[in-house]
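The chain contents come next:
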Amino acid sequence: MNSKIESRERTTMLYGLLPLLILSDSLAIGIVLSVSFLFCYIVTTVFLLFKKDNKLQLRFSLILFFIISICLSLILSITRIINPFLFELVFLKVCVIPLVPVLFKIQFTQNAKDHEWGLRELLYGLLFSFTILFTGFLREFLVSFSFSAIFQSADKAFPLFPMFNQPAGAFLLIGLALGLGRYIKQKKGKSSE
Amino acid sequence: MNDIGYSFYLIFTSNIMFSWGLLNQSSTVKKQKPNDFFLMAFLALAYSIGFNLFFSAVLVPMRLLSLSPVLCALLISFGFLLSSVVHKFQSKGKPFGSAIDAPWLKNSLLFIVIALVSSNSGSSITGVILISASALFGYFCSSIFLEAIISRIELEPISPFFKGAPIRLISAALIALAFSGIDLSFFIQLFN
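Definitions and cut-offs
Residues numbered from 1 in each chain as written. Chains lettered and ligands numbered in written order. Predicted model: local features only at pLDDT ≥ 70, side-chain atom pairs only at ≥ 80, totals over all residues. Heavy atoms only, no water. pLDDT = per-residue confidence, 0-100. Helix = DSSP H or I, 4+ residues; strand = E, 2+ residues; numbered from the N terminus. Phe/Tyr/Trp six-rings, centres within 6.5 Å; stacked < 30°, edge-to-face > 60°. Buried < 20%, exposed > 50% of the residue type's maximum accessible area, 1.4 Å probe, protein only. Salt bridge = Lys/Arg side-chain N within 4 Å of Asp/Glu carboxyl O.

A. Broad picture of the confidence of the model for chain A. Within chain A, residue pLDDT values average 79, and 79% of them lie at 70 or more. When mean pLDDT is taken per element in chain A, helix α3 (residues 27–50) of chain A scores highest with 87 and helix α6 (residues 101–105) of chain A scores lowest with 66.

If you want it as structure tokens, here you go:
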């Protein structure tokens, strides 16, 4: 029963990633957003491990918020050194990360915060950041039938489904993926019976 | 896509998450109060202009664009504190900071930050006003138009795999596609 509740909670948290999934429209942007998100998720988890009670405190949230923002500035500086063109594309998008509902949601958790919980959260963080990365890859691939991790236009690219470059494409992709996931889950359940 | 488009779609997305209960696992559609709408409109515009001025006067000349998340954090923290003070006066007896949990604040937080993010360094005051207006339009679309669509969808025979969140997201995709023409070029053509 508990695992069912937790699985439902995690699905809900995936919906909280929607703003980032909308922004992640290519593999290069997906890489920066997913790495930044993972970093923020780990920082939030580590801070929550040191917090004794489960009460939501404004002061704690604000301190965490500032620390996350400073971490993001650091990631942006590194991105600027590696690829200045990519930096120009992502520096405003990255500002959304501290306010992604997922980071707020884990602050409301009532679970006992021990090392086991920390490791589990780390795995979920990896899953969430992989979702951002994969969405970026899939959208770029569906748009141009090619992908590039360093944000350079591929010569052999041709337009396939330009719609997926738009936020409408992201909504459609997520909706279809959810439907497909449910279908596979039910098929799996039937075959195990 | 330009800033106007992004601000529209991000507001649209954030409002879908909360209004459609995707984040709260609730199937009920919460109606937005007109007061909240005007308050958010005012905050979005004020914050967009404030951010834009600070951005073009401090961050760009000093080449400190990497610090934009910290600037966002500063402004949002100010918004947090202001909202908490207002909430404390409105609901006597509740502890300071409980406003974080209030649904309208969750909405407005996303709303404000997206308005901030969409304010680009090159935007003029007119551009900022247009960006805020498009964000407001996104808010309006998701809270009013989509509410009607959801109530209509409930009556349709939909495959069980697509019931709930998937069909909501697909219908949001169709609405977003319909509004994808609303960007800077749309406004330029409109005024020419």
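This is not the end of the story, as more comes after the structure.
B. How the structure looks around the packing of aromatic side chains. All names here are of chain A. Scanning all chains against the criterion turns up 10 aromatic pairs over all chains. Considering the side-chain rings of F130 and F134, the 5.9 Å spacing of their centres and the 20 degrees angle between planes classify their relative orientation as stacked. With F130 and F134 both in helix α7 (residues 115–144), this residue pair falls 4 residues apart, about one helical turn. Judged by its relative accessible area of 38%, F134 falls in the partly exposed class.

C. Molecular detail of the pattern of salt bridges. Applying the stated criterion across every chain yields a total of 2 salt bridges over all chains. Residue K93 of chain A pairs with D25 of chain A through a salt bridge whose shortest N-O separation is 3.9 Å. Taken together, the residues K93 of chain A in the loop between α5 (84–90) and α6 and D25 of chain A in the loop between α2 (18–23) and α3 connect sequence positions 68 residues apart. For K93 of chain A, a relative accessible area of 9% gives the class buried. The buried category is assigned to D25 of chain A, whose relative accessible area is 14%. Close ionic contact of R152 of chain B with E156 of chain B constitutes a salt bridge, the shortest N to O distance being 2.8 Å. On the basis of relative accessible area, E156 of chain B is assigned to the partly exposed category, the value being 35%.

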